[in-house]
Amino acid sequence: MSKRQFAMHYHTHNKLCRYWLLLSSFLAFSCAVLGQQPITAPSANDTTRIIQIVQGKSLREKTIDSATTLETIAGNVILKEGLTTFMCDSAVINRRTNILEAYGNIHINQNDSIHTYAQYLKYIGQDRVAFLRNNVKMTDKKGTLFTNDFEYNLATGIGKYSRGGKVVNGATILTSDEGVYYSDTKDVYFKDNVHLTDPKYDIRNDSLLYNTQTQIATFISETYIKSKNGGDIYTKEGTYDLKNGKAFFGKRSIIKDSTRTYVSDNSAYDEKSGIAQLEGNAIIKDSVNGYTILGNQIFLNKNNNSFLATRKPVLIFKGEGNDSTFIAADTLFSGIEKRDSLQKLDSLVIDTLKNSTTVNASSDTAIRYFQAFHHVRIFNDSLQSVCDSLYYSSLDSTFKLFKEPLIFSNNSQISGDTIFLFTKNRKIERLYAFYNSMIINKPAENMYNQIGGRTLNGYFKDGALDYVRSKGAPAESIFYPQDKDSAYIGMNRSKGDVIDIYFVNKEVNKVKFINDVDGTLYPLRQIPEDQKQLKGFDWQDKRRPKNRFELFE
């Protein structure tokens, strides 16, 4: 070879190295972007990293005109830069426009960890914009991108596809019509017909933001999430941490499972602990069991199927028509008891919302119970009540009221140390008050019928008191009898072992005494003041809820 030929060959080889340096910079950076691994791209002025021509059947230089010269490499082209290997069928470099094009079976292998494939590559060196087309595939052995048209701007660090793309990461598949990648924040913006599927969820929306470093998906448009376990989520705003299984939803998101619907201003859920938190006008509606919980803060434990409601919570038991029962308290709690077919309580542990539940394998019946703590108020169209705490179980449909409970029914007030309310089909059938029990009925202003004893049983008919029996040692009564013209004739103060009270039209109609009866009838104008009230008399109508709306205040 002559000196002139050697010089020309050396000059051509150097030009080719410089252009492949630009190509390797783009390809290495593109692989890092779509492979979700941060890699520093060399600048266009970096001359220390040299592309080695490993293989090529032909190397030619073609002059198009006086200003344009093309350099071509063809035939099993292999180039190498550092630990990155580039392969293609052929490549063309335009020195004047600083444009490089590669054709056919393009494969970029970076340290045998990131692989990129395409059929066409065009790189605009002046604008630092690159285009990959036709069967583009990029993978880092963990996730793979498939698309037919990908554009990447090295100057801004933004890459995008606009003709559809699919990302596969293990069992997770995400498709969309358009996608944009921001290398500075590692965010990927998927747009139009976004669909994400994995073993747990199926997600559809029009816009989704995903961060490749934190693995957090952000929902920025109306989103429908279907759980493979049967739940559904409708949200307009939220995030989901794929790595840690933590989710947040805002803007009155709706969550549904097989029996319940959950709605709140904001909600959060941790898959590992099973704990969910609803904040702001939260609602839990159980359509199967016929109850609704409202509160400004509700905690749920999906592992043991319990919840705790605070910040003005209200429990609603739906009855027939509009005859529902409303219960308000400082705190409401509900959990599950497991019982066998003989209704024997299985071994069960529910210490707090953070604890798990342990149940015998023999369990086949779940019993839901409710507890209310402090400042309990109950409103039903036919009955109202107040107490300090309450317990209700679906096993016997009984409300148990503790600590200074009061029952109000029409013009009557019932008190006792503890009161049980027995219901059937969500209607009150009977009440039982024991220890220091008393019923007070107000037929007229400053006139109170009173019966007090050790225990008191009351029976309801069509939502109103029909019959009451008081037992004591002895039981006592104060009763204002009436004549045939409904005029009051005096006050009867009596006592006996048993006292029966009969109601007609929601008023006391007759009082009957059984065993050891002793009493005095005082004319109306001759009633001693110290005889007008039984021991423990306390008319507390001011504590009585007047309507259901009071319970939400």
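The sections below set out a description of the structure shown in this document. The shown structure was predicted, so the numbers you read here are calculated from the model rather than taken from an experiment.

Thresholds applied
Residues numbered from 1 in each chain as written. Predicted model: local features only at pLDDT ≥ 70, side-chain atom pairs only at ≥ 80, totals over all residues. Heavy atoms only, no water. Salt bridge = Lys/Arg side-chain N within 4 Å of Asp/Glu carboxyl O. Helix = DSSP H or I, 4+ residues; strand = E, 2+ residues; numbered from the N terminus. Buried < 20%, exposed > 50% of the residue type's maximum accessible area, 1.4 Å probe, protein only. Pairing = 2+ DSSP bridges.

### Focus on the pattern of salt bridges
One pass over the structure, following the stated rule, counts 12 salt bridges. With a shortest N-O distance of 3.6 Å, Arg163 and Asp149 are connected by a salt bridge. Placement of the pair is Arg163 in the loop between strand E9 (158–161) and strand E10 (165–169) and Asp149 in strand E8 (residues 143–153), with a sequence separation of 14 residues. Residue Arg163 is classed as exposed on the basis of its relative accessible area of 60%. Of the charged contacts, one joins Lys532 and Glu529 as a salt bridge, the two residues approaching to 3.0 Å between their closest N and O atoms. The exposure class assigned to Lys532 is partly exposed, which follows from its relative accessible area of 29%.

### Considerations on the pairing of strand E32 (residues 406–409)
Covered by surrounding structure in E32 are Leu406 and Phe408 together with Ile407 and Ser409, the residues of both alternating faces. Where strand E30 (residues 384–393) and E32 come together, three bridges link them in antiparallel fashion. Among the inter-strand pairings, Val386 is bridged to a residue of E32, identified as Leu406. Two elements, E32 and strand E33 (residues 412–415), share four bridges in a ladder whose sense is antiparallel. Among the inter-strand pairings, Ser409 is bridged to a residue of E33, identified as Ser412. With antiparallel pairing between neighbouring strands as the criterion, E32 and E33 make up a hairpin whose turn holds two residues, including Asn410 at a positive phi of roughly 55°.

### Considerations on the pairing of strand E13 (residues 187–197)
Where strand E11 (residues 172–176) meets E13, three bridges bridge the pair, whose relative direction is antiparallel. Bridging across to E13, Ile173 finds its partner in Thr197. Judged from the five bridges that link them, strand E12 (residues 178–182) and E13 form a sheet pairing that is antiparallel. Bridge assignment links Tyr182 to a residue of E13, and that residue is Asp187. The antiparallel hairpin formed by E12 and E13 contains four residues in its connecting segment, where Lys186 sits at a positive phi of about 65°.

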